[in-house]
Amino acid sequence: MKAIVQERFGPPDVLRLADTDPPEIGPDDVLVQVHAAALNPYDWHMLRGDPRIARLMGGVGLLRPKTPVVGIDAAGLVEAVGANVRGLRPGDEVLGFCPGAFAEYARTTADKVVPKPADLTFEQAAAVPMAATTALRAVRDVGEVRAGQRVLVNGAAGGVGTYAVQIATALGADVTGVCGTANVELVRSIGAAHVIDYTTEDFADGRLRYDVILDNVGNRPLNRLRAALTPKGILVLNAGGSPGRVVGAVGAMLRAAVVNGFVRQRLRPLMTRQSRDDLLAVTRLIQDGKLTPILGRTYQLVDTAEALRHVEQGHARGKLVVTVR
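What comes next is a walk through the structure.

The rules behind each value
Residues numbered from 1 in each chain as written. Predicted model: local features only at pLDDT ≥ 70, side-chain atom pairs only at ≥ 80, totals over all residues. Heavy atoms only, no water. Helix = DSSP H or I, 4+ residues; strand = E, 2+ residues; numbered from the N terminus. Rg over C-alpha atoms; globule rule 2.2 N^0.38 Å. Contact = heavy atoms within 4.5 Å. Areas by Shrake-Rupley, 256 points an atom, 1.4 Å probe, with all protein chains shown as cover. Lys, Arg positive; Asp, Glu negative; His and termini not counted. Charge placed at Lys NZ, Arg CZ, Asp CG, Glu CD. Pairing = 2+ DSSP bridges. Axes fitted to C-alpha atoms, helices over the stretch in contact; angles between N-to-C directions. Expected span 1.5 Å × (residues − 1). Buried < 20%, exposed > 50% of the residue type's maximum accessible area, 1.4 Å probe, protein only. Core = buried A, V, L, I, M, F, W, Y, C linked by side-chain atoms within 4.5 Å. Phe/Tyr/Trp six-rings, centres within 6.5 Å; stacked < 30°, edge-to-face > 60°. Lys NZ or Arg CZ within 6 Å of the ring centre and 35° of its normal. Salt bridge = Lys/Arg side-chain N within 4 Å of Asp/Glu carboxyl O. Right-handed = clockwise from strand over helix to strand, strands pointing away.

## With respect to the overall build of the protein chain
And then number 1: For the protein chain, the count of helices and strands is nine helices and 15 strands.
And then number 2: Since a compact globule built from 325 residues should have a radius of gyration of about 20 Å, the 19 Å found for the protein chain is in line with a globular shape.
And then number 3: Restricting the contact set of the protein chain to residue pairs at least 6 apart, pairs at least 24 apart contribute 68%.
And then number 4: For the protein chain, the exposed area adds up to about 14300 Å²; of that, 51% sits on carbon and sulfur atoms.
And then number 5: Seen as two clouds, the 38 positive and the 33 negative side-chain charges of the protein chain have centres 7 Å apart.

Right, here's the structure in full:
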């Protein structure tokens, strides 16, 4: 099969298209014929082994990548299932977390995929897993957003941001989205009651205060973010930082954890999770018409490195997707 592989940590240039053997599945596994895969900041973190402290924390690899085929978000057809798998059969259309997603086939487990909503294309479906479930947890679980609250989403035009705006709006919040000039109308169109263009206005100037702030960007120091929170507001930290860091966003989260012990505001990091329940929750929102994947540019598999360079720059509009078939 064709796959995008990496043999060492580094920038997107280390990626190459190669012929590899399809993954072999065990009794609890599912083999997915990938039709489309989405890109996430998670992918460049894994590609670079960045921040470097992550290499000591397991999961990434210490001296070389633990997983040679990159990617995690995928949508496609079930090709084969293991002997212990129930509820899935070859030919089913699915989306979910599939390690090694930038390939013609990817192996996962049955609890990491769910049925693809019929109204979604494979490209739209691939854009759902990580970004939509992250937004769901940020807004519903960590941010504890309720109807009538003032919610601000920093980075509202990105992958997580576009989902977060829609989910917070569906929960009845008064949502403010922060984005660049080119994306103001997009953010307004997906439900934001107010849109701040960060090139002309600073949301953290203290003039307005919000019950919940979801920070997907990390371009404001903690004290400035706190100045934009109500006295008992919740700050949800989901900023991935930029390449080339030793500690990166881990340091910001640790600082927030320390400060959290001394203030009435609640400063909460958003941790990565891959949950079937979360996947089912976001697909229900999609089927109910409350959530729509927002796609940016679509790439071919051979152009995955170029797509990841775009993601690293931090200004992606919606979700970037690789078409595999």
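## With respect to the sheet that holds strand 11 (residues 210–215)
And then number 1: As summarised here, the arrangement of the six strands in space is 10-9-8-11-12-13, forming an open sheet in which the pairing is parallel. Of all strands in the sheet, those bounded by a partner on one side alone are strand 10 (194–197) and strand 13 (266–269). Averaged over all adjacent pairs, the angle separating strand axes in this sheet is 15°, with direction ignored.
And then number 2: When strand 11 meets strand 12 (residues 229–237), the two strands line up parallel, connected through five bridges. Paired with Ile213 across the strands is Leu235, a residue of strand 12.
And then number 3: Here helix 4 (residues 159–170) sits on the sheet and contacts strand 8 (150–154), strand 9 (174–179) and strand 11; the angle it forms with strand 8, its principal contact strand, is near 170°.

## As for helix 3 (residues 129–142)
An α-helix turns once per 3.6 residues; consequently, residues spaced three or four apart project the same way.
And then number 1: Here helix 3 is 14 residues long and its end C-alpha atoms lie 18 Å apart, about the 20 Å a rise of 1.5 Å per residue gives.
And then number 2: Counting buried positions along helix 3 yields 12 of 14 residues, so the element is predominantly enclosed.
And then number 3: Within the sequence span of helix 3, burial applies to Pro129, Met130, Ala131, Ala132, Thr133, Thr134, Ala135, Leu136, Arg137, Ala138, Val139 and Val142.
And then number 4: A positive phi of about 50° marks Glu144, the residue just after helix 3.

## As for unusual backbone geometry
And then number 1: Positive phi outside glycine occurs at Glu144, with the angle close to 50°.
And then number 2: Inspection of the secondary structure assignment puts Glu144 in the loop between helix 3 and strand 8.

## A closer look at the nonpolar core
And then number 1: Of all hydrophobic cores here, the largest spans 54 residues; its most connected members are Val128, Val153, Tyr163 and Val236.
And then number 2: In terms of residues, this core owes the most to one element, helix 3, which gives eight residues.
And then number 3: Counting 30 residues, the second largest nonpolar core, distinct from the first, contains Ala74, Leu88, Ala106 and Ala305.

## Focus: the packing of aromatic side chains
And then number 1: On inspection of all chains with the given rule, the structure shows zero aromatic pairs.
And then number 2: Here the guanidinium or amino end of Lys116 rests over the ring plane of Phe122, the centre of that ring lying 5.1 Å away.
And then number 3: The ring of Tyr105 carries Arg325 above its face, with NZ or CZ at 5.0 Å from the centroid.

## Describing the pattern of salt bridges
Side-chain pairing between opposite charges can occur once the charged atoms of the two side chains come close.
And then number 1: Enumeration according to the criterion identifies 19 salt bridges in this entry.
And then number 2: For the salt bridge of Arg273 with Asp141, the shortest nitrogen-to-oxygen distance reads 3.7 Å. With Arg273 in the loop between strand 13 and helix 8 (276–287) and Asp141 in helix 3, this pair connects stretches of sequence that are 132 residues apart.
And then number 3: Overall, the relative accessible area of 39% leaves Arg273 in the partly exposed class.
And then number 4: Since its relative accessible area comes to 32%, Asp141 is described here as partly exposed.
And then number 5: A salt bridge links Arg207 to Asp205; its shortest N-O distance comes to 2.8 Å.
And then number 6: Here the salt bridges share partners, and the residues they tie into one network are Arg137, Arg140, Asp141, Arg273 and Asp278.

## With respect to the pairing of strand 15 (residues 319–323)
And then number 1: Within strand 15, five of the five residues are buried, leaving the element largely enclosed by the surrounding structure.
And then number 2: Side chains Lys319, Val321 and Thr323 of strand 15 all project onto a buried face; the interleaved residues Leu320 and Val322 project onto the opposite face, where all are buried too.
And then number 3: Direction of pairing for strand 3 (residues 29–38) relative to strand 15: antiparallel, over a ladder of three bridges. Of the residues in strand 15, the one forming a bridge with Ala38 is Val321.
And then number 4: Here four bridges tie strand 14 (residues 295–300) to strand 15, and the two strands are oriented parallel to one another. What sits directly across from Gln300, in strand 15, is Thr323.
And then number 5: After leaving strand 14, the chain enters helix 9 (residues 304–312) and then returns to the sheet as strand 15, a path that is right-handed.

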